[in-house]
Each structure stands twice: as C-alpha cells, then as structure tokens.
Amino acid sequence: MRVNPDELSLKDKVVFINRVAKVVKGGKRFNFCALVVVGDGQGWVGVGKGKAAEVPMAISKAVEQAKKHLVRIPLKDQTIPHVVHGWFGGEHVLLKPASAGTGIIAGGAVRAVVELAGAHNIIAKTLGRGNPFNTVRATLDGLLQLRDPAEVTRIRRGALDRAG
C-alpha cells in the first residue's frame, strides 16, 4: 500500500550515527552514516540509512530514505496483536504484547521503532550481537509479520464459505 508521507504527521528519531573512514593516498577521509526511524504514532513506520560528509546531511538523507519505505503496522489497544519473532542477519528480536500500563520495555534501537509505530505497551528482547542496523531491520521484520485480527477472521470466514 502506497501512502503519501506529506499527508502524515511524521516524527523522526536518530537511532545511531557512525563515523566511517576511507583510507586514501593522503590519509583517511571521514564520512558519517546515520540510521533514522520515522513514524506517525498511528501504525506507520519506516527506517532509513544515509551517508554523507556531514552529520546533518546524513540525517536528512536517512529521513528521506525512511519516508520512501513506510509500512503499516496493525496495532490493537496500543499494543501488538500477538507474539512475533523478527530475524535479520545474526539478530533476533522477540516482541510480545503487554497489558495496559506496562509501557515500552525494550532496548534502544527496538524502542525507537515501536515508539514511532505507536505501540505504548510492549515487551521486547534483543537476542544477538546488538548491531543497531540489524536490530532495527529485525524489529521491522517482526512487525511486518503481524496480522490484524479482523483481517484474519475475514480470511478464515472466506475459506469456510468456499469449503462448505
């Protein structure tokens, strides 16, 4: 589903900034790599990575990239509908729904993604090395596995109608 990012009131959060060096004949040339998450707090979230010679330029490139890759996350009562496991590279993220008033119990990179997605009660555990890039992608993988309960009911009723 395509959405116009200008129609949403998106907030962005810088998750990680890394200084990278390229060795050239005269020494080292430094650049910056920024990892940014954008979301509207209502179920839309996106992740982007940008690289530039200056930090603000890297962040703005990452925000533009994240706006191009927005996805819809189904939320139920300010939490996720069911338990999911997200995987990316060597990173594994476990996301569990929580009762009202629990808050967000998650580490830095996972917290940024679920906050901007709009989940207010969730428990998350990062299993792996903790690389922020892989952690964010694993979290997004888990969130993309979520199914809206109403959609699942509709699909199952359709399957029963065809079978019977």
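See the structure above.
Residues numbered from 1 in each chain as written. Predicted model: local features only at pLDDT ≥ 70, side-chain atom pairs only at ≥ 80, totals over all residues. Heavy atoms only, no water.

Caption draft 1: Representation of the sheet that holds strand β6 (residues 91–97) in the model. Pairing is mixed in the open sheet, where four strands are placed in the order β5-β6-β8-β7. Across the chains shown, the open sheet's two edge strands, defined by having one partner strand only, are β5 (84–88) and β7 (104–105). Sheet analysis places β6 next to strand β8 (residues 122–127), joined by six bridges and oriented antiparallel. Within the sheet, the bridge partner assigned to L95 lies in β8 and is A124. (Pairing = 2+ DSSP bridges. Helix = DSSP H or I, 4+ residues; strand = E, 2+ residues; numbered from the N terminus.)

Caption draft 2: Main features of the side chain of T139. Secondary-structure assignment places T139 in helix α3 (residues 132–144). At 2.8 Å, the side chain of T139 and the backbone oxygen of T135 are in polar contact. Leave out the neighbours within four places in its chain, and T139 touches V93, L95, V110, V113 and V114. (Polar contact = N/O pair within 3.5 Å; in protein donor to acceptor, adjacent residues only side chain to side chain. Contact = heavy atoms within 4.5 Å.)

Caption draft 3: Representation of the sheet that holds strand β2 (residues 27–39) within the structure. Here we have four strands laid out as an open sheet, ordered β1-β2-β3-β4, and antiparallel in their pairing. Strands with a single pairing partner mark the edges of an open sheet, and in this sheet they are β1 (11–24) and β4 (71–72). Of the pairings in the sheet, the one linking β1 to β2 comprises 13 bridges and is antiparallel in character. Residue N18 lies in a different strand from β2, and its bridge partner there is C33. Packing against the sheet, helix α2 (residues 108–117) makes contact with β1, β2 and β3 (44–52), and its axis sits at approximately 140 degrees to β1. Contacting β1, β2, β3 and β4, α3 runs over the sheet at an angle of about 25 degrees to β2. (Axes fitted to C-alpha atoms, helices over the stretch in contact; angles between N-to-C directions.)

Caption draft 4: The arrangement of the packing of aromatic side chains in detail. In the structure shown here, the tally under the stated rule is one aromatic pair. With a centroid separation of 5.8 Å and an interplanar angle of 90 degrees, the aromatic rings of F16 and F133 are classed as edge-to-face. In this pair, F16 sits in strand β1 while F133 sits in helix α3, placing the two residues 117 residues apart along the sequence. The exposure class assigned to F16 is partly exposed, which follows from its relative accessible area of 29%. Assessed through its relative accessible area of 18%, F133 is described here as buried. In this structure, K49 packs its charged tip against the face of F133, placed 5.3 Å from the ring centre. (Phe/Tyr/Trp six-rings, centres within 6.5 Å; stacked < 30°, edge-to-face > 60°. Buried < 20%, exposed > 50% of the residue type's maximum accessible area, 1.4 Å probe, protein only. Lys NZ or Arg CZ within 6 Å of the ring centre and 35° of its normal.)

Caption draft 5: Summary view of helix α1 (residues 55–68). In this model α1 runs 20 Å from its N-terminal to its C-terminal C-alpha over 14 residues, within 8% of the 20 Å that 1.5 Å per residue would give. The set of residues buried in α1 consists of A58, A62, V63 and A66. Seen end-on, α1 carries its buried residues on one side only, within an arc spanning 140 degrees. In α1, the exposed residues that point more than 90 degrees away from the buried face are P56 and K68. Contacts made by the buried residues of α1 are with β1, β2 and β3. (Expected span 1.5 Å × (residues − 1). Arc of directions from axis to C-beta.)

Caption draft 6: Spatial organisation of the side chain of E91. Along the chain, E91 falls in strand β6. Looking at E91, its side chain comes within polar contact range of the main-chain nitrogen of G130, at 3.1 Å. In contact with E91, other than residues within four places in its own chain, are G86, T126, L127, G128, R129, G130, N131, N134, T135 and A138.

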